[in-house]
Amino acid sequence: MFLRALRNEKGALYPSAIVFFLSALILMSHSLILYSIHYKTYDGLENKHRHATIQLLMEIEKNKIPE
């Protein structure tokens, strides 16, 4: 029955459509996962840089020499 459906033109469209949509879904989910990993990495680096800048400014203020 399944092979008979693939022999006509309309039946052959369904498996190829399923393969196309599954491929698109896998590609989109992979891209989303990579984006979230990059976002978390850059957000963490930005937080570390912000904290380091605050620490540096506090240290400069603490060791400020009056002129």
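Computed from a predicted model, the values in this text were never measured in an experiment.

A.B. asks: Please provide a residue-by-residue account of the overall build of the chain, values included.
C.D. replies: Helices and strands together make up the secondary structure of the chain, namely 2 helices and 0 strands. Classification of the 67 residues of the chain by burial places 1% in the buried group. As presented, the chain carries roughly 7,000 Å² of accessible surface, and 69% of it is formed by carbon and sulfur atoms.

A.B. asks: Describe in detail a nonpolar patch on the surface, supporting the description with residues and values.
C.D. replies: A grouping of Ile18, Leu22 and Leu25 is seen on the molecular surface, where their side chains present a nonpolar patch of about 300 Å² in accessible area. As for its placement among the helices and strands, Ile18 is situated in helix α2 (residues 9-62).

A.B. asks: Which residues make up the packing of aromatic side chains, and what are the values?
C.D. replies: Considering all chains together, one arrives at 2 aromatic pairs under this definition. Between Phe20 and Phe21 the ring centres are 5.3 Å apart and the planes differ by 65°, which places this aromatic pair in the edge-to-face class. For the pair Phe20 and Phe21, a shared accessibility class is recorded, and that class is exposed. Consider the rings of Tyr35 and Tyr39, whose centres lie 6.5 Å apart with planes at 25°: the pair is stacked. Remark: Tyr39 and Tyr35 occur in helix α2; sequence separation between them is 4 residues, near one turn of the helix. A relative accessible area of 58% means that Tyr35 is categorised as exposed. Using a relative accessible area of 52% as the deciding quantity, one classes Tyr39 as exposed.

Rules used in this analysis
Residues numbered from 1 in each chain as written. Predicted model: local features only at pLDDT ≥ 70, side-chain atom pairs only at ≥ 80, totals over all residues. Heavy atoms only, no water. Helix = DSSP H or I, 4+ residues; strand = E, 2+ residues; numbered from the N terminus. Buried < 20%, exposed > 50% of the residue type's maximum accessible area, 1.4 Å probe, protein only. Areas by Shrake-Rupley, 256 points an atom, 1.4 Å probe, with all protein chains shown as cover. Patch = residues over 30% accessible without salt bridge, like charges linked within 9 Å, V, L, I, M, F, W, Y side chains within 5 Å. Salt bridge = Lys/Arg side-chain N within 4 Å of Asp/Glu carboxyl O. Phe/Tyr/Trp six-rings, centres within 6.5 Å; stacked < 30°, edge-to-face > 60°.

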